[in-house]
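Below are the chains, spelled out letter by letter.
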Amino acid sequence: MTAYDVIVLAGGAAKRLGGADKPGVRVGGRSLLDRVLAACDGAARTVVVGDRRATAHPVVWTREVPQGGGPLAALGAGLKLTTAEYVLVLSADLPFLGPGTVDALLAAAGQPGREGALCTDPDGRDQPLVAAYRAEPLRRELALIATEYGSLAGLPLRILTAELELARVDAGPDAAFDCDTWDDIAAARARIREHGAVLDEWITSVKNELGIELDVDTDVLLDLARDAAHGVARPAAPLTTFLVGYAAARASAGAGPDEAAAAVAEASRKATALALRWEAEAAESAGQGGDAAGGPAGGAKPDAGREETGTS
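What counts, and at which threshold
Residues numbered from 1 in each chain as written. Predicted model: local features only at pLDDT ≥ 70, side-chain atom pairs only at ≥ 80, totals over all residues. Heavy atoms only, no water. Core = buried A, V, L, I, M, F, W, Y, C linked by side-chain atoms within 4.5 Å. Buried < 20%, exposed > 50% of the residue type's maximum accessible area, 1.4 Å probe, protein only. Helix = DSSP H or I, 4+ residues; strand = E, 2+ residues; numbered from the N terminus. Contact = heavy atoms within 4.5 Å. Axes fitted to C-alpha atoms, helices over the stretch in contact; angles between N-to-C directions. Parallel < 35°, antiparallel > 145°, perpendicular 65-115°, else oblique. Left-handed = near helix turned anticlockwise from the far one by under 90°. Pairing = 2+ DSSP bridges. Phe/Tyr/Trp six-rings, centres within 6.5 Å; stacked < 30°, edge-to-face > 60°. Lys NZ or Arg CZ within 6 Å of the ring centre and 35° of its normal. Salt bridge = Lys/Arg side-chain N within 4 Å of Asp/Glu carboxyl O. Polar contact = N/O pair within 3.5 Å; in protein donor to acceptor, adjacent residues only side chain to side chain.

Peer 1: Hey, could you run me through the nonpolar core in this one?
Peer 2: Core analysis: the largest hydrophobic core is formed by 30 residues, its most contacted members being Tyr4, Val6, Val8, Val48, Leu88, Leu90 and Leu105. Take this core: its biggest share by element is five residues, from helix H3 (residues 99–109). With sequence-adjacent residues up to four places away left out, valine 48 is seen in contact with Val8, Ala10, Leu33, Leu37, Val59, Val60, Trp61 and Thr62. Grouped together as the second largest cluster of nonpolar side chains are 25 residues, Leu9, Val87, Val89 and Leu160 included.

Peer 1: Hey, could you run me through the packing of helix H10 (residues 236–251) against helix H11 (residues 257–288) in this one?
Peer 2: The description of two packed helices rests on the angle between their axes and on the distance between the axes. Contact geometry of H10 with H11 gives a least axis separation of 8 Å together with a crossing angle of 135°. In terms of axis orientation, H10 runs oblique to H11. The way H10 lies across H11 gives a crossing that is right-handed. On H11, the residues touching Thr240, Val244, Ala247, Ala248 and Ala251 of H10 are Ala263, Val264, Ala267, Ser268 and Ala271.

Peer 1: Mind showing me how you'd approach the sheet that holds strand S8 (residues 126–134) here?
Peer 2: The strand order across the open sheet built from seven strands is S5-S4-S1-S6-S8-S7-S9, with neighbouring strands paired in mixed fashion. Looking at strand neighbours, the two that pair on one side only are strand S5 (60–62) and strand S9 (166–170), the edges of this open sheet. Sheet twist, expressed as the mean angle between neighbouring strand axes with direction ignored, is 25°. Here helix H2 (residues 71–79) sits on the sheet and contacts strand S1 (4–9), strand S4 (46–49), S5 and strand S6 (86–91); the angle it forms with S1, its principal contact strand, is near 145°.

Peer 1: For this particular structure, what's the right way to read the packing of aromatic side chains?
Peer 2: Each aromatic ring pair is summarised here by two numbers: the centre-to-centre distance and the angle between the ring planes. All chains considered together, the criterion is met by one aromatic pair. Between phenylalanine 96 and phenylalanine 177 the ring centres are 5.8 Å apart and the planes differ by 55°, which places this aromatic pair in the tilted class. Placement of the pair is phenylalanine 96 in the loop between S6 and H3 and phenylalanine 177 in the loop between helix H6 (172–175) and helix H7 (182–191), with a sequence separation of 81 residues. When its relative accessible area of 17% is taken as the criterion, phenylalanine 177 is described as buried. A cation over a ring is seen here: arginine 191 above phenylalanine 177, with NZ or CZ 4.8 Å from the ring centre.

Peer 1: What's the story with the pattern of salt bridges in this structure? I'm lost.
Peer 2: Should their charged atoms come close, side chains of opposite charge can pair. Per the stated rule, a full pass over the model turns up 15 salt bridges. The partner of aspartate 21 in a salt bridge is arginine 53, with the nearest N and O atoms 2.7 Å apart. Of this pair, aspartate 21 sits in the loop between S1 and strand S2 (26–27) while arginine 53 is found in the loop between S4 and S5, placing the two residues 32 residues apart along the sequence. Classification of aspartate 21 by relative accessible area gives partly exposed; the value is 42%.

Peer 1: Where do I start with the side chain of serine 31 in this structure?
Peer 2: Tracing the chain through its elements places serine 31 in strand S3 (residues 30–31). Note on serine 31: relative accessible area 8%, which makes it buried. Side-chain polar atoms of serine 31 contact the backbone nitrogen of aspartate 34, separated by 3.0 Å. In contact with serine 31, not counting residues within four places along its chain, are Pro23, Gly24, Val25 and Arg26.

Peer 1: Teacher, can you tell me more about the pairing of S8 here?
Peer 2: Within a regular strand, side chains alternate between the sheet's two faces. Where burial is concerned, most of S8 is hidden: seven out of the nine residues are buried. By the bridge criterion, five bridges tie S6 to S8 in an arrangement that is antiparallel. The partner of leucine 88 across the bridge, within S8, is alanine 132. Sheet analysis places strand S7 (residues 116–120) next to S8, joined by five bridges and oriented antiparallel. Note on S8: the bridge partner recorded for cysteine 119 is glutamine 127. The antiparallel hairpin formed by S7 and S8 contains five residues in its connecting segment, where glycine 124 sits at a positive phi of about 85°.

Peer 1: Sorry, what's going on with the pairing of S4 here?
Peer 2: Going residue by residue along S4, you find Thr46 and Val48 tucked away on one face and Val47 and Val49 tucked away on the opposite face as well. Across four bridges, S1 lies against S4 in parallel orientation. Considered in S4, the bridge of isoleucine 7 is made with valine 47. Relative to S5, S4 runs parallel, the two being bridged by three bridges. Note on S5: the bridge partner recorded for valine 47 is valine 60.

The values are spatial; any link to function lies outside them.
See below:
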């Protein structure tokens, strides 16, 4: 995997949000900033240009000079604190940015003759704050711009990108979706609750909230919950999945994420098998009627012995 640092620009005025703290606005229970940081947690160093705040991932903080000097000044401030050959540059308001887009940008930026790569939105517009750049040409061009204009403050990013040889990455409609207005925030919040996405979004949010870095087969757990609910009783579903997690934690204590995931799978297998045995027993009893449920083993009648001896 390409080694990289990341710079997240989080110091804008958010005028279209009425001056709200945009990086701290929550979508799916997580701040916009934390959602961006989660997408690039493979970075060697993460620099956030903006006011300090609590984050789910460790970061290095800095501010542009002067504050409010715009994205080019913020980028220049963040770049001073990076050392990797490649630098990922992101805005702090990308709720649907994922690791796949990060990997695609880094791969495109590493192509021969390229000095970076940026996403394009569905309308074909360049998104220089969803981009990966080679650090050396980035520093070179920022220095030349600062010399030409006397400062980076107040300058648009297109002055920089026009001077670089950049690849374009079509990452689809979600990766470059940014939240500039409250309507955008509402749309993002609605989108994560869509049927096809809500479970993945919820599991990711829970893992981030609990500080869990564990990839498990959620389909296995859902199947287990279904089998426990159907074969035993509905309240058995959440209690069983809790017990599976507890058993897996004990079995993999001190081990790594892969061993922990394997322990979850094994505990789920055992619990599922048990739930299916319960279900089979219930089906067998229902098929045999009252004799199987209440009579002696083997289905013998209580008075069979008397009938055979002719006693009354």
